[in-house]
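# Structural features, examined
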Amino acid sequence: MNNRLQILGCGHSESVYNLNNNAALIVNNKLLLIDCGYTIKKALFNQELDVSDVDSIYISHVHGDHVFGLERIGYECLFKYKYRPALYIKEELYKELWDQTLKGSMSKIGEGEATLETFFDVKFIKNDSFKFQGIEIQTFAVKHTPNKPAYGICIGNKILYTTDTTPIPEQIKKHTFEVCFHDVTLSDYNPVHATLDSILISYDKETLEKMYLMSYEDNWLEFEEKVNKYFKGFVKEGDIFEF
Ligand SMILES: [Zn+2]
């Protein structure tokens, strides 16, 4: 199996038809989840993958469509499969992720009190970079919700994946990549996601031509012609990018 990025979902958080905007990076047959929303189990199943295939998890930011699946993965890995996946996060996310989000549902288990470390081998990302199976993954701050930390990634200088953000041309310029997956909202105005027009005026033609759009609403077909004209297109669940 070649090294690849596999799209597990491409939907906006309010989407009915598309799963959460999450992906799987598969290197040397090991799987790193890129975000873990509440649709993760179905998303893995749809790709003929299983919870037990999850070796590691990267979390970009603490919103439900990116983290609510951690309870499912954490419980099944610990109780059913008897292991703890590695959890790569920036230290700034820790309190928001555990104390303010997961603790309420995960801190009491049959054996007594549990912490995030009970379920996951927590690895803080230092110096904006970590390695997965020898591939360097650089992290960079994006501009999503005010005062809420959120980080995109650049995988092996090949694939740039923004996660949820408004346009970030100054960040994207700093990285080398062959293909980019960029957040989009198809509404005319949104303070925390990139609108189609804001993307078009923020990046040069060469960058747009390397870009797939993700995290979009269910009315995406209305925009397909425009998106195909300027971008590589809308990315879809199940799309595979080998590298
Ligand atoms: Zn978000």
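Look a little higher up for the structure.
Read on for an overview of the structure.

The rules we used
Residues numbered from 1 in each chain as written. Predicted model: local features only at pLDDT ≥ 70, side-chain atom pairs only at ≥ 80, totals over all residues. Heavy atoms only, no water. Donors = N, O, S within 2.8 Å, 3.2 Å for Na, K, Ca; no water. Helix = DSSP H or I, 4+ residues; strand = E, 2+ residues; numbered from the N terminus. Buried < 20%, exposed > 50% of the residue type's maximum accessible area, 1.4 Å probe, protein only. Pairing = 2+ DSSP bridges. Axes fitted to C-alpha atoms, helices over the stretch in contact; angles between N-to-C directions. Phe/Tyr/Trp six-rings, centres within 6.5 Å; stacked < 30°, edge-to-face > 60°. Lys NZ or Arg CZ within 6 Å of the ring centre and 35° of its normal.

Before going further, it helps to examine the coordination of the zinc ion. The protein atoms that coordinate the zinc ion are His61 (NE2), His63 (ND1), His144 (NE2) and Asp164 (OD), at distances of 2.1 to 2.3 Å. Donor residues binding the zinc ion come from one chain and are separated in sequence as H-x1-H-x80-H-x19-D. Pair noted here: His63 is in the loop between strand E4 (54–58) and helix H2 (64–67) and His144 is in the loop between strand E10 (135–141) and strand E11 (151–155), with a separation of 81 residues, a long-range link. Classification of His63 by relative accessible area gives partly exposed; the value is 25%. Assessed through its relative accessible area of 6%, His144 is described here as buried.

Before going further, it helps to examine the sheet that holds strand E8 (residues 121–124). An order of E8-E5-E4-E3-E2-E1-E16 is seen for the seven strands of this open sheet, with the pairing classed as mixed. The open sheet terminates on both sides in strands that have one partner only, identified here as E8 and strand E16 (240–242). Shown here is a sheet whose adjacent strand axes are inclined to one another by a mean of 20°, direction ignored. Of the strand pairs in this sheet, strand E1 (residues 4–7) and strand E2 (residues 23–27) are connected by four bridges, and their pairing is antiparallel. Across the sheet, Ile7 pairs through a bridge with Ala23, a residue of E2.

In the structure shown here, the tally under the stated rule is 14 aromatic pairs. Between the aromatic rings of Tyr38 and Phe68, the centroid separation amounts to 6.5 Å while the plane-to-plane angle is 45°, which identifies the pairing as tilted. A residue pair is termed long-range when its members are at least 10 positions apart, and Tyr38 in the loop between strand E3 (30–34) and helix H1 (40–46) and Phe68 in the loop between H2 and helix H3 (70–80) qualify at 30 residues. Using a relative accessible area of 48% as the deciding quantity, one classes Phe68 as partly exposed. Ring geometry for Phe181 against Tyr212: centres 5.5 Å apart, planes inclined by 15°, an arrangement best described as stacked. A residue pair is termed long-range when its members are at least 10 positions apart, and Phe181 in strand E13 (residues 179–183) and Tyr212 in strand E14 (residues 211–214) qualify at 31 residues. Taken together, the ring pairs connect Tyr75, Phe79, Phe119 and Phe120 into an aromatic cluster. Between Lys90 and the ring centre of Tyr151, over which it is positioned, the NZ or CZ distance is 5.1 Å. One residue, Lys210, lies across the ring of Phe177, its end atom 4.4 Å from the ring centre.

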